[in-house]
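# Structural description and commentary
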Amino acid sequence: MTGRWKGLAWGAIAVAVAVLMLGVERVATRNALGEGQVRAETTLRQTVNALEGHLRRFEALPALLARNDNIRAALAAPDDAGRIAALNRWLDETNTLVEASDLYLIDLTGTTIAASNHARPDSFIGQNFSYRPYFTAARDGASGHFFALGTTSGVRGYYFASPVRGSRGAIAGVLALKIGVDEIEAGWVARDYRILVTDPDGIVFMSTDPVWLYHSLLPLTADQIARIAASRRYAEAGLSVLATQRVRSGKVDLLQLVDGNGTEREYVMTAREMPQAGWTVRVLLETAPLRAQARLAVAAFGLLLAVALLLGWTVWQRRARLAERLAIQATAQADLERQVAERTADLTRANDDLHRMQADLVQAGKLAALGRMSAALSHEINQPLAAARNYADSAGLLIDRGDLPRARENIGQILTLIDRMAAIARHLRNVARKPNEPLKIVDLAAVVQDALAIAQGRLTAAGARVSVALPADLPLVQGGPVRLQQVLVNVLSNAADAVEGTADRRIDISAQAQGDEVTLQVHDHGPGVAPAIADRIFDPFFTTKQVGSGLGLGLSISYNIMQDFQGDLRVANHPQGGAVFSLVLRPARAGALAAE
Ligand code: ADP
């Protein structure tokens, strides 16, 4: 990879990682916020249930108590001090019994004529509540309820009111019951939740954080402000709007609020309406811990990703190194192969040169051999021819003179010379021998006997003393009896040549069978074969003898004949002097060959 591509690849990886991390961050945050919302909703449900249960406990009470005769009697005679005093006591007792905040009776003008708190300095007695919506609703025959801050007590409360009907069913007054919300609020264990209850105008009147009390979550219109002032719902509490900001993130509502310490915090907001009371309950859950949790998850993922990338990089590096090593090896191998090929080409060239040289040598050798043969032949034939011509000339003269006996003598000489030339011709014919004559079973003893008989003249002339020692159980061999005899005659003639004129003129013929070989040995006690020429004596036309004495064909022909018998002709020098020619033959296998 080039540097530029590498840079691009790294850039692409970096972008991919960044995109991935962003995606993971979004998913983790959404999950954490969603989880927070679920928790907030659970709390919201519990809060709403508790609130509804609490209100329901008191809902039916005013209507029930309004039927009491004492109440109706007091309304009929509001100036009867004794009756009012008795009613006050009864209201006090009942109020304590039902665990309400206040219980009081209002006449149709809105003035309180009897109250459970009659004994307290801030007693409702004599107070006029005609401006309170719960009063007007009950006076008009409905059941009223209303939430407000007490104008007299300054205590927040929820008011239930019911009309009190006189003897003929006409509404004679209103019985009102106030319950406090302080204990409910105190029961909210804040922890990480914030609970807010707002009225239909969005004004917070119950809260885990007092700082938000009597503040509006929504901007208020002039109309709303006037209505709130008329109902004196929040008495003299100064209303203001909370600096809030609502954002919707996915399925989660987020709200930003300034808390008691003046710091703006973000919350997951859940809300539920309480239609009967006209309230909206909100549970807020701070998002900071949720976001921290999400960040932790993202960090963990980032760490994992980093580890994975590092691992991937390491593996990639290792593979790259391996590939590099392999490439180096491949180059080295290719180098080696090229060197081998070069060497081979060199060798082939050298070999070709050698072959050419050998061919040249063979050619030269052939020419030399041909020259030697021509010289030998012309000498061998010219000499007898010249002699024969002389004898013939003399014979003619002798016949002219009438000297017939001497003429006959000359003719005899001519015949001898002709015989000699015929012998040479025979030799030459042997060179062009027939190599593939079928082999026969041959008895070596008989061959030795015949060969000795043929060579007898030459052996005697050389003064050789021949001894024959053949073992009686010598196996029959395979070969051609005439050709084998020819080989043996040749070797014997050479032996005769070798011993002629030396002191020790013995020639020993022996034989032995060993393994797959039957060997006939001719050991003369002559000078032996000089090592320098030992491997050339089987070459055609190789001779050390004087021109006219040998053609150098004998051993060459003999060697080839022995090869035809699947045998061999070997030469060695005997440790005690003289040459040893070994005619190696194969023992005849029964039935394989025809007997001679
Ligand atoms: P030629 O007898 O006509 O020379 P051969 O082929 O028979 O041809 O022999 C080749 C040569 O081998 C001889 O010239 C001689 O030098 C050598 N040679 C053969 N037989 C003997 C032997 N028994 N002792 C020493 N040299 C020998």
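A brief look at the structure comes next. (Residues numbered from 1 in each chain as written. Predicted model: local features only at pLDDT ≥ 70, side-chain atom pairs only at ≥ 80, totals over all residues. Heavy atoms only, no water.)

## Focus: the sheet that holds strand S13 (residues 279–286)
Test applied: Any two strands are treated as partners once DSSP identifies two or more bridges connecting them. Comment: elements are numbered from the N terminus, with helices defined as DSSP H or I runs of at least four residues and strands as E runs of at least two. Axis lines are fitted to C-alpha atoms, over the contacting stretch for helices. Their N-to-C directions set the angle, which ranges from 0 to 180 degrees.
Read from one edge to the other, the open sheet built from six strands follows the order S7-S6-S13-S12-S11-S10, with strand pairing classed as antiparallel. Each edge of the open sheet is held by one strand with a lone partner, namely strand S7 (204–207) and strand S10 (245–249). If you compare each strand with its neighbour and ignore which way they point, the axes differ by 35° on average. In the sheet, strand S6 (residues 193–198) pairs with S13 via six bridges, with the strands oriented antiparallel. Across the sheet, valine 197 pairs through a bridge with valine 281, a residue of S13.

## Observations concerning the environment of leucine 65
With respect to the helices and strands, leucine 65 occurs in helix H2 (residues 61–65). Between the alpha carbons of leucine 65 and serine 162 there is a distance of 8.9 Å; along the sequence they are 97 residues apart.

## Things to note about helix H4 (residues 81–98)
Here is the rule we go by: To estimate how far a helix should reach, multiply one less than its number of residues by 1.5 Å. Only protein chains enter the calculation, and the probe is 1.4 Å; a residue is then buried if its accessible area is under 20% of its type maximum, exposed if over 50%, and partly exposed in between. By the convention used here, residues are in contact when the closest approach between their heavy atoms is within 4.5 Å. Contacts described as polar in this section are N or O atom pairs within 3.5 Å, which, within protein, must combine one atom able to donate a hydrogen with one able to accept it, while residues neighboring in sequence count only if both atoms come from side chains.
The first and last C-alpha atoms of H4 sit 25 Å apart over 18 residues, in line with the 26 Å expected at 1.5 Å per residue. Turning to H4, its buried residues are Ile84, Leu87, Asn88, Trp90, Leu91, Thr94, Asn95 and Val98. Buried residues along H4 sit in contact with helix H1 (3–59), H2, helix H3 (69–76), strand S1 (102–107), strand S2 (112–115) and strand S5 (171–180). The N-capping residue of H4, defined by a side-chain oxygen 3.2 Å from the backbone nitrogen of glycine 82, is aspartate 80. Glutamate 99 sits one or two residues past H4 and shows a positive phi near 60°.

## A closer look at the site of the ligand
Our working rule: Whether a residue is near a molecule or strand is decided by its heavy atoms; if any one of them lies within 4 Å of it, the residue is near. Accessibility throughout is a Shrake-Rupley quantity obtained with a 1.4 Å probe, and a residue counts as covered only by protein chains that appear here. Two kinds of site are reported from a 1 Å grid over the protein atoms alone, namely cavities, where a 1.4 Å probe fits but cannot get out, and pockets, open sets with protein on both sides within 12 Å along at least five of seven lines, and residues are called lining when an atom falls within 4 Å of a point. In this description, a molecule resides in a pocket or cavity if more than half of its atoms sit within 2 Å of the grid points defining it. Residues are grouped as follows: Ala, Val, Leu, Ile, Met, Phe, Trp, Tyr, Cys and Pro are nonpolar; Asp, Glu, Lys and Arg are charged; every other residue, Gly included, is polar.
Close to the ligand lie 19 residues, the nearest being Asp524, Thr543, Thr544, Lys545 and Leu555. With respect to the ligand, the side chain of lysine 545 contributes an N or O atom lying 2.6 Å from an oxygen atom. In the environment of the ligand, an oxygen atom lies 3.5 Å from a nitrogen or oxygen atom belonging to the backbone of glycine 554. In isolation the ligand offers 530 Å² of accessible surface; the protein chains occlude 92% of this area. Spatially, the ligand is embedded in the largest pocket. The set of elements that each furnish at least two residues to the shell around the ligand consists of helix H11 (481–499), helix H13 (554–564) and strand S20 (579–587). Sort the elements by how many residues they give to the shell around the ligand and H11 lands first, with four residues. Partitioning the shell around the ligand into residue classes produces nine nonpolar, eight polar and two charged.

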